[in-house]
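Examining the three-dimensional arrangement
Single-letter residue listing:
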Amino acid sequence: HTAAIFWYSFPLSVTGETRLARALLITEMGGWHDPDVVATKARNIAAVCTEPDACHGVRMQGSAALNICAVASGAADGYWESGMHIWDMAAAICVLKEAGGVVVSPKSGEDFSLLKRRIVAASSVELATVLQSKVQHVEYKSD
C-alpha cells in the first residue's frame, strides 16, 4: 500500500498485520462504571490476551481519535471500542482509510455506522475479522 496521507513529510501507512499473535492492540475501558459494561470490556481484553492466539499486547491511550491514528501510523495494529461518539472518531477514520486501514462493526454481519458508537479499526481485513470474532460489543444509545 502506498501512503496517501502524511504527517509533516512522513507517509502514514498501516502495518498490514494479519495475525493476532503478532498484533499490538488498543482499546479503552471508558468512563462507564456500570458493572456489566466493565465486565464485558474486561472479558474482551482477556479474549485477545489468552492462549492459544494471544496478542502481542494491549494498550490504552485515552482517546478514540489517537487510537485510530495509532493504527493508521503503524504504531499499533488494531483497535476496538464501544461507547465513544461520532465526533470522537469521524476524522480519524478518514486518516486510517487513507493510510490503508479498515473499519468494521464489532458485530459481525453488521455494516459499520458512526452512529452506532462502536468500532473495530485494523491494519488488515484479516485482523479486523479476528477481532470481530473475539470481542463482544456493548449496546449504547445511538448518536
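Scroll up for the structure.
Below, the structure is looked at part by part.

1. Some words on a nonpolar patch on the surface
Judged by side-chain polarity, Trp 7, Tyr 8 and Phe 10 come together as a nonpolar surface patch covering roughly 460 Å² of accessible area. Residue position: Trp 7 is located in strand 1 (residues 5-7).

2. Points about the pattern of salt bridges
Here the structure, examined in full by the defined rule, presents four salt bridges. With a closest N to O distance of 2.7 Å, Glu 110 and Arg 118 form a salt bridge. Among the residues examined, Arg 118 registers a relative accessible area of 2% and is labelled buried. Here Glu 139 and Arg 118 are joined by a salt bridge, their closest N and O atoms 3.2 Å apart. Here Arg 118 lies in strand 7 (residues 118-122) and Glu 139 lies in the segment after helix 4 (125-134), a separation of 21 residues in the sequence.

Procedures and definitions
Residues numbered from 1 in each chain as written. Predicted model: local features only at pLDDT ≥ 70, side-chain atom pairs only at ≥ 80, totals over all residues. Heavy atoms only, no water. Patch = residues over 30% accessible without salt bridge, like charges linked within 9 Å, V, L, I, M, F, W, Y side chains within 5 Å. Areas by Shrake-Rupley, 256 points an atom, 1.4 Å probe, with all protein chains shown as cover. Salt bridge = Lys/Arg side-chain N within 4 Å of Asp/Glu carboxyl O. Helix = DSSP H or I, 4+ residues; strand = E, 2+ residues; numbered from the N terminus. Buried < 20%, exposed > 50% of the residue type's maximum accessible area, 1.4 Å probe, protein only.

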